[in-house]
Amino acid sequence: MDDRRALEELDFRLRVILPEEYQETYEQLRPAPMKSAGLKYADDGSVAWDKIWGSFCDLAIAGGPPHKGALLGPGTTDEIAAAPARHREVVDEICRGVTMTTELPADASPVSGWIVVENVAVQAGGRAVDLPAAPGFRLEKEIKNVITVVAKTCHYWMGHMPREQKESIAILFDSLAKSSPLVVPAAGIGWRGVACASVDDAVWMMRALVVHNVLARREGTTLFVPVNVQQDPDGTRVSAALDLVRRLRAASLAA
C-alpha cells in the first residue's frame, strides 16, 4: 500500500472510532489541560463528584495532559500492606466517585495487569475495568484524576457514540485482531519511550498506532510503545508499526 492509500485508510479508521463532531476536525485538536475544577462538597462533608464538572467535551481527544507528569499506577504490595485502612478509604472514595459520575457499579478488585487510558493505568477483565489505587493517593490529586478519566471515557462512549458506531468500532478491531493482534505492555516490563520532535507529532503517531492495534500513550513529546515478549517476542511488530506511522506522519506533513 502506498503512502497516499495508507493515509486514507488511517483517516477512515480514526473516523470510525471518533465521535461524529470530531471526525472532520481531529487534526486541528490540540492537547490542553481541563481547567482545574475545585472540589465541591455535599452537606455531609463528602465530595459531590457529580457536581464538579459541567462538560467533558474536547478534553481527551488529543490524548490529554499527563497526570503528575507520568503514568498513574497502583500502589505496590508493600505500600498497601503498610497502610491497609488508608488504602481502603482511597478505594471506597474512587468507587463512590465513579458511580456518582457514570452511574456504573464500582467495587474493589485485587486483580493486576494493565492497559493505559490517558496516563492512568487500568485493566479490563471480562465486563469489568479495574482502576488503580494506593494509600498515598490524595483526594484533590490522584483520586480526582482517576475519577475524571473514567467520567470522561464514559461520557464519550455513552453520550457521543450511537449504537451503529459502536458496532462499526467492534467490526474494525475484530478485523485488526485477525491480521495484527493487539500488542499491550506486559506486566513488569511496560513501555519504551520514543522521542518525538513535537507534541503534535507525538499525538499524531499515538492515534495512528492505536488504530494499527498497538497500544500507545504519550507524555509531552515522548511517545510510549508497549514491550511484550509474549505478544511481540522480538519487538518486530511494534517496530514495524512505529516505522509505518513515522513515515505516514512525514507524508502527511508533505502533502
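The structure this text deals with has already been given above.
Computed from a prediction, not measured in an experiment: that's the story for all the values here. (Residues numbered from 1 in each chain as written. Predicted model: local features only at pLDDT ≥ 70, side-chain atom pairs only at ≥ 80, totals over all residues. Heavy atoms only, no water.)

> For this particular structure, what's the right way to read the overall build of the protein?
Per the secondary structure count, the protein includes 7 helices and 6 strands. Shown N-terminal to C-terminal, the secondary structure of the protein runs as helices and strands in the order α-α-α-β-β-β-α-α-β-α-β-β-α. A burial count over the protein gives 42% of its 255 residues as buried. (Helix = DSSP H or I, 4+ residues; strand = E, 2+ residues; numbered from the N terminus. Buried < 20%, exposed > 50% of the residue type's maximum accessible area, 1.4 Å probe, protein only.)

> Looking at this structure, I do not really get the sheet that holds strand β5 (residues 217–219). What am I missing?
Note on sheets: strands pair through backbone hydrogen bonds, and any given pair is parallel or antiparallel. Spatial strand order, β4-β6-β5: 3 strands in an open sheet with antiparallel pairing. This sheet does not close on itself; its edge strands, each paired only once, are β4 (191–195) and β5. Direction aside, the axes of adjacent strands within the sheet are offset by 35° on average. Judged from the 3 bridges that link them, β5 and strand β6 (residues 222–226) form a sheet pairing that is antiparallel. Looking across to β6, one finds that Arg-218 is bridged to Leu-223. Sitting on the sheet, helix α7 (residues 236–254) touches β4 and β6, and the angle it makes with β4 is about 25°. (Pairing = 2+ DSSP bridges. Axes fitted to C-alpha atoms, helices over the stretch in contact; angles between N-to-C directions. Contact = heavy atoms within 4.5 Å.)

> Hey, could you run me through the side chain of His-160 in this one?
As for its position among the elements, His-160 is in the loop between α4 (139–159) and α5 (163–179). Within polar-contact distance, the side chain of His-160 engages the side chain of Glu-21 at 2.3 Å. (Polar contact = N/O pair within 3.5 Å; in protein donor to acceptor, adjacent residues only side chain to side chain.)

> Before we go on, may I ask you to explain the packing of aromatic side chains in this structure?
A ring pair, where both rings are aromatic, is described by two values, the distance of the centres and the angle of the planes. Overall, the coordinates contain 0 aromatic pairs when judged by the stated rule. Directly above the ring of Trp-191 sits Arg-217, whose terminal nitrogen or CZ lies 5.1 Å from the centroid. A cation over an aromatic ring shows up here: Arg-217 above the ring of Phe-224, its NZ or CZ 4.3 Å from the ring centre. (Phe/Tyr/Trp six-rings, centres within 6.5 Å; stacked < 30°, edge-to-face > 60°. Lys NZ or Arg CZ within 6 Å of the ring centre and 35° of its normal.)

> I tried to follow the pairing of β6 on my own but got confused; where do I start?
The side chains of a regular strand alternate, first on one face of the sheet and then on the other. Burial of β6 is extensive: 4 of the 5 residues sit out of reach of the surface. Across 5 bridges, β4 lies against β6 in antiparallel orientation. Considered in β6, the bridge of Trp-191 is made with Pro-226. The hairpin turn running from β5 into β6, its antiparallel successor, is 2 residues long, and Gly-220 in that turn takes a positive phi close to 60°.

> In this structure, what is going on with unusual backbone geometry? I would like to understand it.
Leaving glycine aside, a negative phi is the common case for residues, and trans is the common case for peptide bonds. Backbone geometry places Glu-103, a non-glycine residue, at a positive phi of 65°. With respect to the helices and strands, Glu-103 occurs in the loop between α3 (84–102) and β1 (115–117). Assessed through its relative accessible area of 73%, Glu-103 is described here as exposed.

Any link to function would need more than the numbers given here.
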